[in-house]
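# Working through the structure, step by step
Residues per chain are reported as follows:
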Amino acid sequence: MILVLIAAWGIVFFIRYGQRTGLTRAALDATVCFGLGTVLICEALSLPAWCTAVGVSVCWLVLCAAACVLFAKPLQAGLRRALVFSMRRPSFKASWYAWIGGAVVGFCLLGTLLSALLYPPMNYDSIVYHMPRVFFWMKNASVHNYPTEIGRQLFTGPLASFFVLQLQVLSGGSDRLANLVQWFAYAGSILAAAGIASELGAGPKGRWLSAVLAATTPLAILQASSTQSDLVAAFWCVVAAYYVTMYGRSSFCEERGAGLWWAVCAGGSAGLALLTKLNTLAVLGPLALLAFGLMCKRRAWHDIRMLPAVVLVCVLLINAGFFVRNAADLDGDFLAFDLPETNAQHVPTNNPRFRVALATKNLSYNLTNTPVPFLNWVVDGCVSRVCIWLNVPLNAPETSLENYTPRAFTGVQLHDTRTSPVQSAMGYAAIAMLLIVALWRKKNRRFPAALALAVLGGYLAIAVMLRFTSSIPRYLLPSLLIALGLVPVAFGAGRVRRGIACVSVAIAVYMAAGALLFNMFQPLVHAPGLARTLSANSVGFGRFNASYERMRAFSTGIGEEGLAAIRESADAADVRSIGVTRCNLGVYPALYAFRDARYDVRYVEARYLSEREDPAFVPDAILTMRREPPQEILVRGVSYTLAETHSATLAPISLYLKE
């Protein structure tokens, strides 16, 4: 049934391709439409609680049939055009940079795909709130809110989990394909970054440069094989920037009827980004101002009257269900801005000196963790000097949740904290160069400079809004990937600048190899000596060559035998209904063992939405994570006796059976 998703995307792709659009635009248009369809299906089927394999399949089949009937002619034209393209005599006379760029991008795509398929969801955020909420959505056949102890399961952007939900229900409940959501976002980000470069006038070399830099971004490589949402959010932001760049092209206004479709795609990508992570609003805001400024400059009064309204309507409709649920359960706080789990990240002071120091730390941190200790020392020294000059403590509590410590090149390649120094340096340099050149009033550089200013605005908005943590690189990822589309324009002329770009690409490939092949949690190659050279760590800490299920257990330190024992104890006691309490430490691997329809699994004693708990629900067993599990617990007046306890990384996972 997974094929229905591929068919839905393919139909829209061929329709757009048949309307004489290029491959890049057709692919991105199809992806936006696929995202809109996913939101529509998840929200609509959740009202009657029909979000099942049958319900999802029927909805996609209906949408596919409707598209084939309504757009039969462009669909046929697209298929004919694709057939003609495929029948052309293949040519192997591609330029050297195309061979090298294609090899690097293909290597990164293949390696991340293997990681995504070979390893289960296993990082902290995935097992704490991304995957548990997918589990309960499947149990409830609805994406509506449910009682839980973890607010992030309910009130953070759900779009990436919507995609995972559909993949799981269409694959019989297995999470084997769950990591592919971020992998497709990774592939799409490479395409969109190259598309931005193309729309700005870069030639084939420039497009390959953007693609290679995006593909070798270490944080993107690590995120591409996880079930987090940062790369999905970055992808939609890059797509939105692509549409803004397309509107900035002078010939776009000459395309008949292009404005309305552009507004739907631009508004759709912006709305999907916002539904993925709310902090993308800081990146989308400057892009929206740039697009509106272009309309005003061209005196396109028809566009000014219509297009912003269409974009706004698309954004609001896409997020309507999510905003309504948040407002209903958080006393009107539809953005979940004051959610305790995330409120600590907000800066509590408006002192400009603290804001400048914070921006310096956040933006500089992405330049650290290089293989050259001298460069790390220079960056850390500059940050310290700026804080001293501003008379702001380096680790002031107003600006830091973690201490800013000097970073040496390390092999702890984490999905949250990995920096991208080469790409960040290239992006910062491209923005600075374009803004400086714009002061010389070169007309052919005014729009790239305006786009660079919008990207800089997104960078600064994130950098001054969030207190410093080692996870700040993932919040800067959307602006970073957009900036990579500007690099060919800034470095395209001049032998020296092209030389700098070539050297940077070589270093980027070197650092990407360590992140891809020898990262700490998902290594692909067992070569300890080479791993220490490329990523300064030994491979995998015993996790290499383990089975898929053993890796799932190892992600929380339980052990495969522990998960099996918990399931066997429950089966021996003929357990049907299971309550889960105190699960904020990552009980997903144990939940997954009870995913089939035989078990009724719910939260009890939840912190959020506790009034929605069914008072008549008295579970046969309780799953819990407590640091010191007692022999007996009392839940709703019913006694439960400890049956199984297995050590885990964060806290023991225990199974209690009703007396």
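To be clear, the structure that these remarks concern was listed above.
Bear in mind the structure is a predicted one, so any value in this text is a computation, not a measurement. Numbering of residues begins from 1 in every chain and follows the order in which that chain's sequence is written. Restriction of local features to residues with pLDDT of at least 70 applies here, the model being predicted, together with a cutoff of 80 or more for giving and counting side-chain atom pairs; totals for whole chains, interfaces and linings are based on all residues. The side-chain quantities take in all heavy atoms of the structure and omit both hydrogens and water.

This part covers the overall build of the protein chain. Strands are runs of DSSP state E lasting at least two residues, helices are runs of H or I lasting at least four, and both sets are numbered from the N terminus onward. When you go through the protein chain residue by residue, the secondary structure sums to 28 helices and six strands. In terms of C-alpha radius of gyration, the protein chain reaches 25 Å, essentially the compact-globule figure of 26 Å for 659 residues. Counting only C-alpha atoms and orienting by the principal axes, one finds that the protein chain spans roughly 80 × 65 × 50 Å. Residue burial is assigned from relative accessible area. The probe radius is 1.4 Å, only protein chains are included, and a residue is buried under 20% of its type maximum, exposed over 50%, and partly exposed in between. Residues counted as buried form 57% of the 659 residues belonging to the protein chain. Considering only contacts in the protein chain between residues 6 or more positions apart, those separated by 24 or more positions represent 75%. Each accessible area value is a Shrake-Rupley result obtained with a 1.4 Å probe; residue values ignore everything except the protein chains displayed when judging cover. In the structure as shown, the protein chain presents an accessible area of about 27,200 Å², 65% of it carried by carbon and sulfur atoms. In summary, the charge assignment counts Lys and Arg as positive and Asp and Glu as negative, without counting His or the chain termini. The atoms used to mark charge sites are NZ of Lys, CZ of Arg, CG of Asp and CD of Glu. A gap of 20 Å separates the mean positions of the 55 positive and 36 negative side-chain charges of the protein chain. Our radius of gyration is a C-alpha quantity, and the globule rule it is checked against amounts to 2.2 Å times the number of residues to the power 0.38. A contact between two residues is defined here by any heavy atoms of the two lying within 4.5 Å.

So, on to the packing of helix α1 (residues 3–18) against helix α4 (residues 72–86). If you want to describe how two helices pack, look at the angle between their axes and the distance between the axes. For the pair α1 and α4, interaxial distance at closest approach is 7 Å and the crossing angle is 85°. As the angle between them shows, α1 and α4 are arranged roughly perpendicular. Side by side, α1 and α4 meet where Ile11, Phe14, Ile15, Tyr17 and Gly18 of the first sit next to Pro74, Leu75, Ala77, Gly78, Leu79, Arg81, Ala82 and Phe85 of the second. Each residue is assigned to one of three groups, with Ala, Val, Leu, Ile, Met, Phe, Trp, Tyr, Cys and Pro labelled nonpolar, Asp, Glu, Lys and Arg labelled charged, and all others, Gly among them, labelled polar. Classifying every residue of the contact of α1 with α4 gives 10 nonpolar, two polar and one charged. The convention used is that axes are lines fitted to C-alpha atoms, helices contributing only their stretch in contact, and that angles between N-to-C directions extend from 0 to 180 degrees. Each angle is binned into one of four classes, with values under 35 degrees roughly parallel, values over 145 roughly antiparallel, values of 65 to 115 roughly perpendicular, and all other values oblique.

Here we take up α4. Here, expected helix span is obtained from the residue count minus one, scaled by 1.5 Å. Across its 15 residues, α4 extends 21 Å between first and last C-alpha, which sits within 8% of the 21 Å expected from 1.5 Å per residue. Where α4 is buried, its residues contact α1 and α3 (53–70).

Within this scheme, the nonpolar core is defined by two criteria: the residues are buried Ala, Val, Leu, Ile, Met, Phe, Trp, Tyr or Cys, and they are joined through side-chain atoms within 4.5 Å. One finds Tyr243 and Trp262 to be the most contacted residues of the largest nonpolar core, which totals 183 residues. When residues of this core are assigned to their parent elements, the largest contribution, 15 residues, is made by helix α12 (residues 230–248). Val604, Phe617, Ile633 and Leu642 belong to the second-largest nonpolar core, a separate cluster that totals nine residues.

Take the side chain of Arg133 next. Tracing the backbone shows Arg133 in helix α6 (residues 124–140). Here, a salt bridge means any Lys or Arg side-chain nitrogen found within 4 Å of an Asp or Glu carboxyl oxygen. No salt bridge forms around the buried Arg133; measuring N to O, its nearest opposite-charge neighbour Asp125 is 10 Å away.

Look at Ala49: it is not a glycine, yet its phi comes out positive at around 60°. Secondary-structure assignment places Ala49 in the loop between α2 (23–46) and α3.

Attention shifts here to the pairing of strand β5 (residues 638–646). Where strand β4 (residues 632–635) lies against β5, four bridges are found, and the strand directions are antiparallel. In the sheet register, Glu632 faces β5, and the bridge partner there is Thr641. Only strands joined by at least two bridges in the DSSP assignment are considered to pair. Hairpin connection from β4 to β5: two residues lie between these consecutive antiparallel strands, with Arg636 at a positive phi of about 55°.

The next point concerns the pairing of strand β6 (residues 653–658). Among the six residues that make up β6, five are buried, leaving the element largely enclosed by the rest of the structure. The pairing of strand β3 (residues 621–625) with β6 spans five bridges and is classified as antiparallel. Across the sheet, residue Ala621 finds its bridge partner in β6, namely Leu657. Bridge analysis of β5 against β6 gives six bridges, and the strand direction is antiparallel. Bridge assignment links His646 to a residue of β6, and that residue is Ile653. Connecting β5 to the antiparallel partner β6 that follows it, the hairpin turn spans six residues.

Once that is clear, we can look at the layout of surface pockets. The method works on a 1 Å grid over the protein atoms by themselves. A cavity is a set of points holding a 1.4 Å probe that cannot get out, a pocket is an open set with protein on both sides within 12 Å along at least five of seven lines, and residues with an atom within 4 Å of a point line them. Grid points are joined across faces, edges and corners, and a volume is the space filled by probe spheres set on the points. Estimates place the volume of the largest pocket at around 990 Å³. Considering the residues around the largest pocket, the lining is formed by 38 residues, among which Asn279, Thr342, Gln345, Leu466 and Tyr475 are closest to the centre. Secondary-structure elements contributing two or more residues to the lining of the largest pocket are α6, α7 (152–155), α13 (258–276), α14 (281–298), α16 (340–343) and α21 (472–475). Looking at the lining of the largest pocket element by element, the count peaks at five residues for α6. Considered class by class, the residues forming the lining of the largest pocket number 17 nonpolar, 12 polar and nine charged.

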